[in-house]
Amino acid sequence: MIGTHFIELPVPMPPMLPEMVGVSNSQYFALYYQGSKATWSNGRAMATFSYYAVYAPLIEHMALAIHLEPYNLGSDDEMPEHAILCDTVSHKMYVGAYKKIDYFLLQQHPKESPTFSEQEFEEAVKAVENMTLEQMQKLGMFEMFGNTNPQARQATVELVQWLDQQITEELIQQYIQLANRGNWTAIMALDTLKRRISEGKKQQQQLENN
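Every chain is numbered on its own, with residues counted from 1 as its sequence reads. Thresholds applied to this predicted model are a pLDDT of at least 70 for local features of residues and 80 or more for the giving and counting of side-chain atom pairs; totals over whole chains, interfaces and linings are not thresholded and use all residues. To obtain the side-chain values, all non-hydrogen atoms of the structure were used and water was disregarded.

Peer 1: Could you give me a rundown of the sheet that holds strand β3 (residues 37-41), with the residues and numbers involved?
Peer 2: Strand pairing is assigned whenever DSSP identifies at least 2 bridges connecting the two strands. Counting from the N terminus, the helices are the DSSP runs of H or I reaching at least four residues and the strands are the DSSP runs of E reaching at least two. A sheet is described by the order of its strands in space; here 6 strands give the open sequence β1-β6-β5-β2-β3-β4, paired in antiparallel fashion. Two strands in the sheet have a free side with no partner beyond their single neighbour: β1 (7-8) and β4 (46-49). Sheet analysis places strand β2 (residues 28-34) next to β3, joined by 5 bridges and oriented antiparallel. Considered in β3, the bridge of Ala 30 is made with Ser 41. It only takes one pair of heavy atoms within 4.5 Å for two residues to be counted as in contact. Fitting a line to C-alpha atoms yields each axis, with helices limited to the stretch in contact; the angle taken between N-to-C directions then spans 0 to 180 degrees. With respect to the sheet, helix α2 (residues 51-59) is in contact with β2, β3, β4 and β5 (82-87), its orientation differing from that of β2 by roughly 100°.

Peer 1: Tell me what's going on with the layout of surface pockets, and back it up with residues and numbers.
Peer 2: Only protein atoms enter the 1 Å grid used here. Points where a 1.4 Å probe fits but cannot escape make up a cavity, open sets with protein on both sides within 12 Å along at least five of seven lines make up a pocket, and a residue lines them when an atom lies within 4 Å of a point. Grid points are joined across faces, edges and corners, and a volume is the space filled by probe spheres set on the points. By volume, the largest pocket is sized at about 790 Å³. For the lining of the largest pocket, the element with the highest residue contribution is helix α9 (residues 184-209), accounting for 7 residues. The residue inventory of the lining of the largest pocket, partitioned by class, reads 17 nonpolar, 6 polar and 7 charged. Just so you know the grouping, Ala, Val, Leu, Ile, Met, Phe, Trp, Tyr, Cys and Pro go in nonpolar, Asp, Glu, Lys and Arg go in charged, and all remaining residues, Gly too, go in polar.

Peer 1: Please set out the packing of aromatic side chains residue by residue, giving values where relevant.
Peer 2: Describing an aromatic ring pair means giving the distance of the ring centres and the angle of the ring planes. What counts as a ring pair is set by centres within 6.5 Å for rings of Phe, Tyr and Trp (its six-membered ring), and what kind of pair is set by the plane angle: stacked under 30 degrees, edge-to-face over 60, tilted for all other angles. Within the structure shown, the criterion is met by 8 aromatic pairs. Here the aromatic rings of Tyr 28 and Phe 104 are separated by 4.9 Å at their centres, their planes lie at 75°, and the arrangement is edge-to-face. You can see Tyr 28 sitting in strand β2 and its partner Phe 104 sitting in helix α4 (residues 98-106), a full 76 residues away along the chain. There is no split in this pair, since Tyr 28 and Phe 104 are both buried. Only protein chains enter the accessibility calculation, which uses a 1.4 Å probe; a residue whose area is less than 20% of its type maximum is buried, one above 50% is exposed, and one in between is partly exposed.

Peer 1: Can you tell me about the packing of helix α8 (residues 169-180) against α9, naming the residues and giving the values?
Peer 2: In the contact formed by α8 and α9, the axes pass within 7 Å of each other and the chain directions differ by 125°. Regarding the angle of α8 to α9, the classification is oblique. For α8 against α9, the interelement crossing comes out left-handed. Between α8 and α9, the residues in contact are Tyr 175, Ile 176, Leu 178 and Ala 179 and Thr 185, Ala 186, Ile 187, Ala 189 and Leu 190, respectively. Across the contact of α8 with α9, the residue classes tally to 8 nonpolar, 1 polar and no charged. For classification, angles of less than 35 degrees are called roughly parallel, those exceeding 145 degrees roughly antiparallel, those between 65 and 115 degrees roughly perpendicular, and all remaining angles oblique. Note on convention: near helix rotated counterclockwise from far helix by under a right angle means a left-handed crossing. Clockwise means right-handed.

Peer 1: So what's going on with the pairing of β5? Which residues, and what values?
Peer 2: Burial analysis of β5 places 6 of its 6 residues in the buried class, the great majority of the element. Side chains His 82, Ile 84 and Cys 86 of β5 all project onto a buried face; the interleaved residues Ala 83, Leu 85 and Asp 87 project onto the opposite face, where all are buried too. In this structure, β2 lies alongside β5, joined through 4 bridges in antiparallel fashion. Pairing of Tyr 28 across the sheet is with Asp 87, part of β5. Looking at chain direction, β5 and strand β6 (residues 92-97) are connected through 6 bridges and run antiparallel. Directly across from Cys 86, in β6, lies its bridge partner Met 93. Hairpin connection of β5 to β6: 4 residues between the antiparallel strands, including His 91 at a positive phi of 60°.

Shown next, in the form of structure tokens:
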């Protein structure tokens, strides 16, 4: 079903990603940034999710950053020109033009749109009203008021650890070569890796000294 106009990313979809962003009951969904929020959509529904706990750790991770550099996934100043397409069945990720992915997502739903009854509307409102602060924080709705909760932070750690396993010596050498040419994405990714290694060594020393 995936068309040739989408480019498959060389990293599989992290298995925890759908739950972290809040997607369910869809084979395909897209990730991008718009309206100053990380956003997902499946062609019929869309919602925001945590930028700091999910979106940034995903797109800025060394396993993906250099592959996403040519694309505009959106920013505070620009609407997205591209999006990441996730396949929850094959566990693959693709990148492509935002409009083409948006149209593609529409095709996974029946042509006949179900009617939204008054009862369903009331249930939807009730679901939001009954959502706890912790649940809203996990989905990134109140991110502007503070850091995510410990459960969300642990999920972020697991996401980053999973992405770490996708790093290869060849990829690191590619980053080094690009950094030597002045590529800013590569420079920042290597600097982040250096800081993570430094922090890891400090924590290890603290454990050994205790």
